[in-house]
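# Understanding the architecture of this molecule
Letter by letter, the chains look like this.
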Amino acid sequence: TVFPNYASLPVMLRAFGDLSVTSYTRAGTGADLAKSTTFTSDGGDIALGTINAFKDSANVYAYGSDITLTSLSTGGSVYLYSETGTVKAAGDSAALEIDAGGTLTIDGVNLGTAGFTNPLDLAASSISLTSRDSGVIGFDAAPVIANTQNLTINAANGSTFNVSTGATALTIVFQSMRPPS
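Let us look at the structure shown here. Owing to the predicted nature of the structure, the values given are computational and were not obtained by experimental measurement.

### Digging into the overall build of the chain
If you tally the helices and strands in the chain, you get 0 helices and 19 strands. For the chain, with 181 residues in total, the buried portion stands at 44%. Relative to all contacts within the chain whose residues are 6 or more apart in sequence, the contacts with residues 24 or more apart total 43%.

Written as C-alpha cells, this is what we have:
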C-alpha cells in the first residue's frame, strides 16, 4: 500500500574509514515511491558488491580514496564521487558494473581499473564522466564502456580519456577540457 502522506525513507550507510558492502537489496514493489540509497566513507575506500537499489537514486561518496564496484543497479539515477582516488571495477569482465535507469554521473581522479581489459562498464540514459588532477578515464587498449546515447566527458588539463559507447550510437556528446582547479 502506498501512503501518500508519508515521506520516503532514505537509506544511508556511513563509515569513518573503509566501507565494504557485500550485498544490498532495496525491497519494493512497482507501486513504491523512489527513495535514496547513500554510501559514504570519510577517509577510506568503498567496496560495493552486488547492490540493487530498486528505484532509488544511488549516491556513493569516498572522501579518502577509491570506489570499487562489482554491480550496482537501479531504476533511478546514480552519482559517484571519489575525492582523491579511482572509481573502478572489482573484476575484469564485460558485465556492467553500473546499470542505471536515470542519469549516471561519475567524478574521480581516475575512472577504470588499470590492467583490466574491461576497466569499467556502464549503462544509463545519460552518462557524465569527470576526471581531475591529470587523471585518466579508461586506458590505451582498454576503454571505459559507456552504453548511452548522451555522453559528457569532463577531463582536467593533462588528463587522458579512452571511452567507447560499444554498440550504442551517440546522439549527444559533450567534451570539456578544463584547467586544473
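### Comments concerning unusual backbone geometry
Even without a glycine there, the phi angle at Asp 133 is positive, about 55°. Turning to its location among the elements, Asp 133 is positioned in the loop between strand 13 (126-131) and strand 14 (136-137). Despite not being glycine, Ser 134 shows a phi value in the positive range, around 60°. Inspection of the secondary structure assignment puts Ser 134 in the loop between strand 13 and strand 14.

### Considerations on the pattern of salt bridges
Enumeration over the complete set of coordinates arrives at 4 salt bridges. For Asp 66, the salt bridge goes to Lys 88, with nearest N and O atoms at 3.4 Å. With a gap of 22 residues between them, Asp 66 in the loop between strand 5 (57-63) and strand 6 (67-74) and Lys 88 in strand 8 (residues 86-89) connect regions that are remote in the sequence. We classify Asp 66 as buried; its relative accessible area is 16%. Residue Lys 88 is classed as partly exposed on the basis of its relative accessible area, which comes to 23%.

### Looking at the pairing of strand 3 (residues 36-42)
Counting buried positions over the 7 residues of strand 3 gives 6, a clear majority of the element. Where strand 1 (residues 11-15) lies against strand 3, 5 bridges are found, and the strand directions are parallel. From the neighbouring strand, Val 11 faces strand 3, where its bridge partner is Thr 37. Two elements, strand 3 and strand 5, share 7 bridges in a ladder whose sense is parallel. Bridging across to strand 5, Thr 37 finds its partner in Ala 58.

### As for the nonpolar core
Leu 80 and Ile 106 are the most contacted members of the largest nonpolar core, which has 33 residues in total. Excluding anything up to four places from it in sequence, Leu 80 contacts Val 60, Ile 67, Leu 69, Val 87, Ile 98, Leu 104, Thr 105, Ile 106 and Asp 107.

### With respect to the packing of aromatic side chains
According to the stated counting rule, one finds 4 aromatic pairs in the structure shown. Relative to Tyr 63, the ring of Tyr 61 has its centre 6.1 Å away and its plane inclined at 0°; by these criteria the two rings are stacked. With a relative accessible area of 23%, Tyr 61 lands in the partly exposed category. Residue Tyr 63 is classed as partly exposed on the basis of its relative accessible area, which comes to 32%. Ring centres of Tyr 63 and Tyr 81 lie 5.9 Å apart, and the angle between their planes is 55°; on these two criteria the pair is classed as tilted. Of this pair, Tyr 63 sits in strand 5 while Tyr 81 is found in strand 7 (residues 78-82), placing the two residues 18 residues apart along the sequence. Within the aromatic cluster, the residues linked to one another by ring pairs are Tyr 61, Tyr 63, Tyr 79 and Tyr 81.

Rules behind the numbers
Residues numbered from 1 in each chain as written. Predicted model: local features only at pLDDT ≥ 70, side-chain atom pairs only at ≥ 80, totals over all residues. Heavy atoms only, no water. Helix = DSSP H or I, 4+ residues; strand = E, 2+ residues; numbered from the N terminus. Buried < 20%, exposed > 50% of the residue type's maximum accessible area, 1.4 Å probe, protein only. Contact = heavy atoms within 4.5 Å. Salt bridge = Lys/Arg side-chain N within 4 Å of Asp/Glu carboxyl O. Pairing = 2+ DSSP bridges. Core = buried A, V, L, I, M, F, W, Y, C linked by side-chain atoms within 4.5 Å. Phe/Tyr/Trp six-rings, centres within 6.5 Å; stacked < 30°, edge-to-face > 60°.

Don't take any of this as a statement about function, it's just geometry.
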